[in-house]
Amino acid sequence: MENYFERANFLNRLGALQRMCSDHDKNFPSSLLFVPGQDGRNNKGSVTVLKYLFCGSVLKDLFDETVESAFEPLEEIVFLVKATSLSVIWSHEMKALLSPLMDSVPFLIEYLSTPEEEVEIDLLQARKCADFKRMMLESVCDGEGVGIPIPIGYDDIQDIESWPMLQAFALDHVYCPTGFFTARYNVADITAHLEEIFRTVDGYYVENAIRTMNRSIGPHMVQAICMLDASSGEQRMRVSADDVVGPLEILYDFGEMEAAGTVDATTQPVVLFGPDTAQFGAVAGAYPTGWKDQLAGKALHAILEGCEPSSGLRWCRTYFLQRGRTAAPVDVSDDLLATTDAEYEDNGDETYRTESKHNNDLVAAGKVDIDHGLAESLERLEGLYVKLLLALRLVVKIAFARHSDVLEAGTEVQRKLDALMKGTPMEEGSAETDAEGLDIFSQEQWASLRLDAATLRLRPEEQLQVHMDCLNAVGEIVTIEDVDDMGGSCWTYIRVAVHGIHVTPYGKNPATVAVGDTFLFSSHRSALAAHVGGSVATHSSGSAHPSDRLLLQGDGCCITHPLPYYRSLLGAGAEEQTSRRLLACTKSIHMSSTLGLGKPLDYTGTGLLSLTVLTDHPVMPHFEAELRTFTEGLLVEKIDGASCLPLLMSLGQHVDRVWTVDTADCLAQASKLFAPLFLKERGLPDIDVPSGIIIVFRLKGSEDAEQDALNPLERSLPLIGSTGTGATTTGRFRHLALIVPNESRSSSAVSSALSHWRTALRMHDVQEHRGGQEVALPDAILRAVLSLLDFWSEGVPNTVAATDTSSSSSTSFEKLSSALVAKSAQDYLTTALSFAKVPTLQIPGAGYYALKCVHSVSDAHRVSGFDFASLEATPMKKNKKNQSSTELIVLVGQAGSGVSILSTNLTTQLKATATDATSAFHAISIDFSELPEAASYEAVEQFLAHCLVRPKQSAAVEKEVLFVSVVQSAVHYLPMQRLMTLLSVKLGVEASVVMSMLAPSSLDIASHKDRYASKTVSETGHGLGHEYWQALGYTDAVQGAAVDVLLLVDESASSGADSTESAAASLRRHLAVANPTAQIVKLSPNHLRLDQESLDLVLSISQAGRGSSSVTQVGTERQAWWTCRGGPRGDQLAQLPAEAAANYVQSLRTVRLDTPAMVGTGLTAVHLQPSSEWNLRSVLQTIQLIFPSVKLSSSVAEETWKVPAKQPTGPTDARTRFFKRVIQLAKAKVMCARQEEEGSRVYQQTVGRLSKTKATTSNGKAAEDVLQRLIRGVRSVHGILQLPTGAVVVHESATPSSAHSKLHNTSNKALLEGNTHFAVLRALTPSSAHSKLHNTSNKALLEGNTHFAVLRALPAGSGVDAGRTVGLVVHGVLGKQEVALLEELFAACTQFKLHPKALLSAEDVGLAERLRVQNMAQYSSLFELPGNWWFDGQSYVDISGTRRPLRPDIDKLVDMYLVNENAKIVEYNAMLKEI
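Colleague: With reference to specific residues and values, describe the overall build of the chain.
Modeller: A count of helical and extended segments in the chain gives 50 helices and 44 strands. A total of 1475 residues make up the chain; the buried ones form 61% of that total.

Colleague: I'd love a proper account of the pairing of strand 27 (residues 991-998), names of residues and values included.
Modeller: Burial analysis of strand 27 places eight of its eight residues in the buried class, which makes it a mostly covered element. With six bridges connecting them, strand 24 (residues 886-894) and strand 27 associate as parallel partners. Across the sheet, residue I889 finds its bridge partner in strand 27, namely V993. Here four bridges tie strand 27 to strand 28 (residues 1045-1049), and the two strands are oriented parallel to one another. Residue L998 lies in a different strand from strand 28, and its bridge partner there is L1048.

Colleague: Quick one: what's the story with the nonpolar core, residue by residue and with numbers?
Modeller: Core analysis: the largest hydrophobic core is formed by 174 residues, its most contacted members being F54, F79, M102, F273, F697 and L738. When residues of this core are assigned to their parent elements, the largest contribution, 15 residues, is made by helix 16 (residues 372-400). Judged by nonpolar contacts, the second largest core, of 78 residues, contains M165, A168, Y175 and L982.

Colleague: Tell me about helix 6 (residues 121-139), residues and numbers included.
Modeller: Between its first and last C-alpha, helix 6 extends 26 Å over 19 residues, near the 27 Å set by a 1.5 Å rise per residue. Among the 19 residues that make up helix 6, 14 are buried, leaving the element largely enclosed by the rest of the structure.

Colleague: Explain the sheet that holds strand 22 (residues 735-741) residue by residue, including any values.
Modeller: Overall, mixed pairing links the eight strands, which are arranged 17-16-15-14-22-19-18-23 in an open sheet. Each end of this open sheet is capped by a strand with a single partner; those strands are strand 17 (642-650) and strand 23 (767-771). Averaged over all pairs of adjacent strands, the angle between their axes in this sheet comes to 25 degrees, without regard to strand direction. Where strand 16 (residues 633-639) lies against strand 17, six bridges are found, and the strand directions are antiparallel. Bridged to K638 within strand 17 is S643. Where helix 21 (residues 574-586) meets the sheet, its contacts fall on strand 15 (622-630), strand 16 and strand 17, and the angle it forms with strand 17 comes to roughly 45 degrees. On the sheet, helix 27 (residues 747-763) packs against strand 14 (609-615), strand 15, strand 16, strand 18 (655-662), strand 19 (692-699), strand 22 and strand 23 and is oriented at approximately 40 degrees with respect to strand 19.

Colleague: So what's going on with the environment of K387? Residues and values would help.
Modeller: Here K387 lies in helix 16. Between the alpha carbons of K387 and R457 there is a distance of 9.6 Å; along the sequence they are 70 residues apart.

Colleague: Tell me about the sheet that holds strand 29 (residues 1079-1083), residues and numbers included.
Modeller: A sheet is described by the order of its strands in space; here six strands give the open sequence 25-26-24-27-28-29, paired in parallel fashion. With one partner strand each, in any of the chains shown, strand 25 (919-927) and strand 29 form the two edges of the open sheet. For this sheet the average axis-to-axis angle between neighbouring strands, irrespective of direction, equals 15 degrees. Against the sheet, helix 33 (residues 899-911) contacts strand 24, strand 25, strand 26 (959-968), strand 27, strand 28 and strand 29, and its axis sits at roughly 175 degrees relative to strand 26. Running at roughly 145 degrees to strand 24, helix 35 (residues 976-987) makes contact with strand 24, strand 25, strand 26 and strand 27 of the sheet.

Colleague: Give me the pattern of salt bridges: which residues, what numbers.
Modeller: For the structure on display, the rule yields 37 salt bridges. Linking R127 and E117 is a salt bridge whose minimum nitrogen-to-oxygen distance equals 3.0 Å. Taken together, the residues span a long stretch of sequence, with R127 in helix 6 and E117 in helix 5 (residues 115-119) at a distance of ten residues. One exposure class covers both R127 and E117, and it is buried. Note that D859 is salt-bridged to R862, the shortest N-O span being 2.7 Å. Of this pair, D859 and R862 both sit in helix 31 (residues 848-864), three residues apart, which is roughly one turn of the helix. Judged by relative accessible area, R862 falls into the buried class, the value being 8%. Within this structure, E117, R127, D131, R134, E138 and E1027 form a network of salt bridges that share partners.

Colleague: Describe unusual backbone geometry, naming the residues involved and giving the relevant values.
Modeller: Of all residues except glycine, most have a negative phi; of all peptide bonds, most are trans. The backbone of R41 sits at a positive phi, close to 55 degrees, despite the residue not being glycine. Locating R41 in the fold gives a position in the loop between strand 1 (31-34) and helix 2 (44-55). With phi around 50 degrees, D640 is a residue other than glycine that occupies positive phi space. Within the secondary structure, D640 sits in the loop between strand 16 and strand 17. According to the relative accessible area criterion, D640 is buried, its value standing at 11%.

Colleague: I'd like a description of the confidence of the model for the chain, backed by residues and values.
Modeller: The share of residues in the chain with pLDDT of 70 or more is 73%, and the mean pLDDT across the chain is 77. Here residues 1053-1060 is modelled with pLDDT under 50, and outside its nearest four sequence neighbours on either side it reaches eleven contacts, counting other chains as well.

Colleague: Mind laying out helix 44 (residues 1176-1186), listing which residues take part and the relevant values?
Modeller: Because an α-helix packs 3.6 residues into every turn, residues spaced three or four apart end up facing the same way. Extensive coverage of helix 44 is indicated by the burial of eight of its eleven residues. Taken together, the buried positions of helix 44 are occupied by L1176, R1177, S1178, V1179, L1180, T1182, I1183 and I1186. Where helix 44 begins, the side chain of N1175 points an oxygen toward the backbone nitrogen of R1177, at a separation of 3.1 Å.

Colleague: Outline the packing of helix 6 against helix 37 (residues 1026-1033), listing residues and values.
Modeller: In contact at an axis separation of 10 Å, helix 6 and helix 37 are set at 60 degrees when each is read in the N-to-C sense. Between helix 6 and helix 37, the angle falls in the class oblique. For the pair helix 6 and helix 37, the contacting residues are R134, E138 and S139 in the first and H1026, E1027 and Y1028 in the second. Split by residue class, the contact of helix 6 with helix 37 holds one nonpolar, two polar and three charged.

Colleague: Describe the environment of A302, listing the residues and the values that go with them.
Modeller: With respect to the secondary-structure elements, A302 resides in strand 8 (residues 301-308). For the pair A302 and L228, spaced 74 residues apart in sequence, the C-alpha separation works out to 9.4 Å. Each residue touching A302, except ones within four places of it in the same chain, is listed here: L272, F273, R317, T318, Y319 and L321.

Colleague: Quick rundown of the packing of aromatic side chains? Include the residues and the values.
Modeller: Applying the stated criterion to the full structure yields 22 aromatic pairs. Consider the rings of Y52 and F198, whose centres lie 5.1 Å apart with planes at 55 degrees: the pair is tilted. Of the two residues, Y52 is situated in helix 2 and F198 in helix 9 (residues 191-198); the sequence distance between them amounts to 146 residues. Here Y52 and F198 have matching classes, each one buried. Relative to Y385, the ring of F320 lies with its centre 5.8 Å away and its plane at 75 degrees, an arrangement referred to as edge-to-face. On the criterion of sequence distance, the pair formed by F320 in strand 9 (residues 313-320) and Y385 in helix 16 is long-range, its members being 65 residues apart. For Y385, a relative accessible area of 0% gives the class buried. In textbook terms, an aromatic cluster arises when at least three aromatic residues are bridged by ring pairs, as seen for F10, F34, F54 and F79.

What counts, and at which threshold
- Within each chain, residues carry numbers counting from 1 in the order of the written sequence.
- Under the rules for a predicted model, residues below a pLDDT of 70 receive no local features and side-chain atom pairs below 80 are neither given nor counted, while totals for whole chains, interfaces and linings still include all residues.
- With hydrogens and water stripped out, all remaining heavy atoms of the structure feed into the side-chain values.
- Where helices and strands are cited, they refer to DSSP runs of H or I of at least four residues and of E of at least two residues respectively, numbered from the N terminus.
- Here the term buried applies to any residue with accessible area under 20% of the maximum for its type, exposed to any over 50%, and partly exposed to those in between, with areas from a 1.4 Å probe on protein chains only.
- Only strands joined by at least two bridges in the DSSP assignment are considered to pair.
- By nonpolar core is meant a set of buried Ala, Val, Leu, Ile, Met, Phe, Trp, Tyr and Cys residues that side-chain atoms within 4.5 Å join together.
- One fewer than the residue count of a helix, multiplied by 1.5 Å, yields its expected span.
- Every axis corresponds to a line fitted to the C-alpha atoms, with the helix fit spanning only the stretch in contact, and the corresponding angles, defined between N-to-C directions, vary from 0 to 180 degrees.
- Residue contacts follow a heavy-atom distance rule, with two residues in contact if any of their heavy atoms lie within 4.5 Å.
- Salt bridges are counted wherever a side-chain nitrogen of Lys or Arg sits within 4 Å of a carboxyl oxygen of Asp or Glu.
- Per-residue confidence from the prediction method is given by pLDDT, with values spanning 0 to 100.
- Here a polar contact means two N or O atoms within 3.5 Å. Within protein one must be a hydrogen donor candidate and the other an acceptor candidate, and residues neighboring in sequence count only if both atoms are side-chain atoms.
- To sort the angles, those under 35 degrees are grouped as roughly parallel, those over 145 as roughly antiparallel, those from 65 to 115 as roughly perpendicular, and the leftovers as oblique.
- Ten residues, namely Ala, Val, Leu, Ile, Met, Phe, Trp, Tyr, Cys and Pro, are considered nonpolar, four, namely Asp, Glu, Lys and Arg, are considered charged, and the remaining ones, Gly among them, are considered polar.
- The criterion for an aromatic pair is that two Phe, Tyr or Trp rings (for Trp, the six-membered ring) have centres within 6.5 Å, with stacked assigned to planes under 30 degrees apart, edge-to-face to planes over 60 apart and tilted to the rest.

Shown next, in the form of structure tokens:
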């Protein structure tokens, strides 16, 4: 549990810094830079932020410039804060130190040095300088604002150029020339703004306040009470105010030394007795000289007010120095009195021996009584004080839950307290009742004391004073304007006092009673209570529902409530004398049986046992008691270590029923009865309950019989309230319980006593219930059990110096309470917000635990800038039936992760679940990579609106499944929470399950680290963006606030690569912190499809999260995480009317950054579209070229040839036609093979030429090959490929592995996707159900990365390719030269085509061809030589002897040749046209 709150507090502090940044508002810097240590000349501002953010420092430790030894390595860290990201330069040692915190950062960009560099200091510094410049270039554009805390003493902002890190930034040879830091960026001093943040109350300050309460304030308050409670009445009368205030002054002095702010002198502690209390609060801190010398004397009460300056915590209590009653009278004979007196005197009590014989006789005779005026005055003082403290706690709880402004809350506190104490008429919903009609006076803690509007109302001479101070985190009193500047949260000290109380013993001097506490006001608490708790059921006035029975501690806003509110000490005289007389009688063997106690049970030592006692009293539901046991009863001698009227309980005289149960059974009953509704539905968590028993006694008496004598419990606890008319009224408190853990030293003694008690119970016919949960314990005791667990879970030291402290029951139960809270953390964080409606949370730890939970969530909303006011509109009227039956299933993945291919398969699987007319399925595909790089946020929003079209369903549809698949782009990336928010608003339905797809190995950039050491940009390529890419697809995609199921594409299953296993293992370690509740599903690149078990898991989560709008019915852990990270619930957004939804979406653009600033990072999305058809084999060869280590998994053939559609003509003989068709097919195949070979030759020549291209530097010199830069920079590829149609010729490298490996003649498209680790190519196969969409065409999906590639057939009706053209999108860290090379490579993939031949003419037949033709027998044999010509074996000779090489009739032969050759050309051209 501690780790959870530590991470939540860290994220809230990070959010406070991020809220200072904006990429939209020029009044704010776009980023904050902090350079602690020697790199920033040890500037105090950066060191303070370092301690503030990573060390959780508070108060004086925060502002001290030294860093603890454990965090000294962090002095070398450099970090840059932006509105939605955190960039950090660190080493492996720093990362190991901060991983528990940093793993929960939603968007973390890491610049991590290599182990080799960390060994050599020079290499490490060179790497650090290069990474610093890269970090700034990636994250902050030229001319943007950068906030830096400028140290005191600097004359100008330019003085920061003296920092070594900024000096290195200006060096041209470090990475690339950029100029001076202050010249490139607009630097602003943020010191004043940081000081404001440092003094804002956040989770770390709350934790410190709780520690201060437990370790400092509590023990010192115990010492003050012990000083007040001297060993005898006479000594108590001689106690001075200086004695009592001494421990509080020591606390004040030490706190003043540790204070980080200015200490107000008026907050010094004070103790006033009796009549002096009239001066309390008259003038702040101004009391008459000599108030410390005043003695307690015969004062009836005292007011103590204290302060701990370092934390600012203040408190005020009124304690009573007399009880106003005597101990139970002892009716004994005179002969037994002497024996008893002698025994008591033998014990050596000198004070008792010196008492007058007259008083002894009166005490022995039971004739001592309390003065009526004194008793009535005490009743009035005590009654007003109890009513005042109950009213304060309840009114503050209600007011703080309803107002976001502390001034408005304080005004309501004053108005309601005034109405409650004066009993004046109040308007409905303001004082007597809360906004839901819950009657305050009918609640258990009021009704049990018989308090109503008329009881103890203030008299005309009595005045109510309400004092309120607002304090910042360091304890300084601040103004309302300062509170607003701090975001509205602050410590609030509220003290209420009633002045002018007439007290008979004080004569004309009036008295004052006062109570005060420090409360935590959380600015967003009211909005959380109104919206998150809005679905919690409320109950009408007088309802007997257990939720209406409040616990005093459990309000979730009071920090000083563990300090005891009530103490009533024994006064000198009758009170002490009767108490001693009773104790003396119980020590007599003869007298104890007369008192109904039986015989005393002997124990070693003092004979006193230290046990925890539970009661049904609302002010004292539990206390530590020192008691003695007897065979037929028990006697409590001290309560919380203080003197009290002895509480004598006789089994025969006072008890009418007993329960004996195991502690585990008791806790189970308490949790079932009083815990929130979700515990009843989901069951009690498994808790390691310490063994022990709880013994419950119910005392005799009627609930309403006011004339009955006071029972022992009522005599010793604050019960009576005066009506002001002289009559008294009292509640009936009848239950008392002992908690006996087996581990305690009292266990054996109580076990022995219990055996005697059971004998006495049978003798007096008192019923005892034993056993398990079938024994129903009284509700009043069950409430006390939870109140005790609440108290113990806070770790407050016992306010008693018990002899059995080392093994007390609180030590045993502390572990129990912590376990219960820890195992229920996720649910309680949401459920804790419901107490403003009930208005309490009935769980163990509801005090501090609810306080921390509520403030943590409120603080998250404060720093996120989320305004619940935008959700105040009336929800749209929707068909509840259809609304509750809608499931929104979301799949999100980074480009190249395999998300496109999985979405096609998942679409088919989910569609199969819609089997009848009452169910409907609709798939929506979103690919942000389709947007151009220059697209604005408005364009992104329009793109979403175009994609997110929810179809109208018929009235017959009872169940609707919406499946949305999202491909995230590196250029236009929406953070997961923002994306889910927009989906809820646009679709009007909350996501019931969110899946995130990751390829861990493709995000591992460790192998690319060495190229960024100290080399210049000309030698390495710009290299900007690799860390951004990892953050986009890693940290944000796994956060518990956005993801239910993680789909990990793990190629190790097929390749067995060690590096892949390491990447997956690293991700799982990261998930243990970032999202421990996520469900993990492992996929293989060869099978990107959910098996039935995984599909059932997704559907079960979807059905659990569907329609879970109530905080008591949390469907998924993601919804609880969402609220705790500062976002609204999805169902709230889904129910907004159109106008309110539009306003809220608009607010997302102004409150915080919408998308990460990619300008300058080098992350590029290159859109490649073929000018004509691509050759599939060439495309795959190009993929293999830019991803050298890829293993391609394909379900399509790389080589095909087309079957001519035109049948050969000729004879009708079937056999002849068959052979002609065979010859035709053979010719087509040969033609296709010839065309493929020629295209391959041309492609290889082009690639060979392009691969030799050298990058050029600024001086024109050749440097590294551009192809090598391209290979290092490219991260993923995905898109749709057109497949050639025709007969399949399976290439030997193809590995068909799916049902679509056999392509039909109509297949002609495929989808390609992948990244740096894998690629996938899948064919798009026709679907009969969607033949109207693609009746004759098919596509395939290709996805790839550096580890594997996959090519898969895609069902034509899947919708993935709807509206998308054939082409690929390549993501990577690419410069202009790399992009140009990439475009040329894919241009070379264009399908090579043989050109048709032209018909030949006589002029085209040259001499050589004519010679060849005349020698061809097929032509020469047709014609005889003309007369007078003959051939002599060498040439043709005529009669005149003329010789020539050609026949004289060669033209005839050529004409015949042309006829035949042109016929072949016509056939060739016709075949080309066919293929």
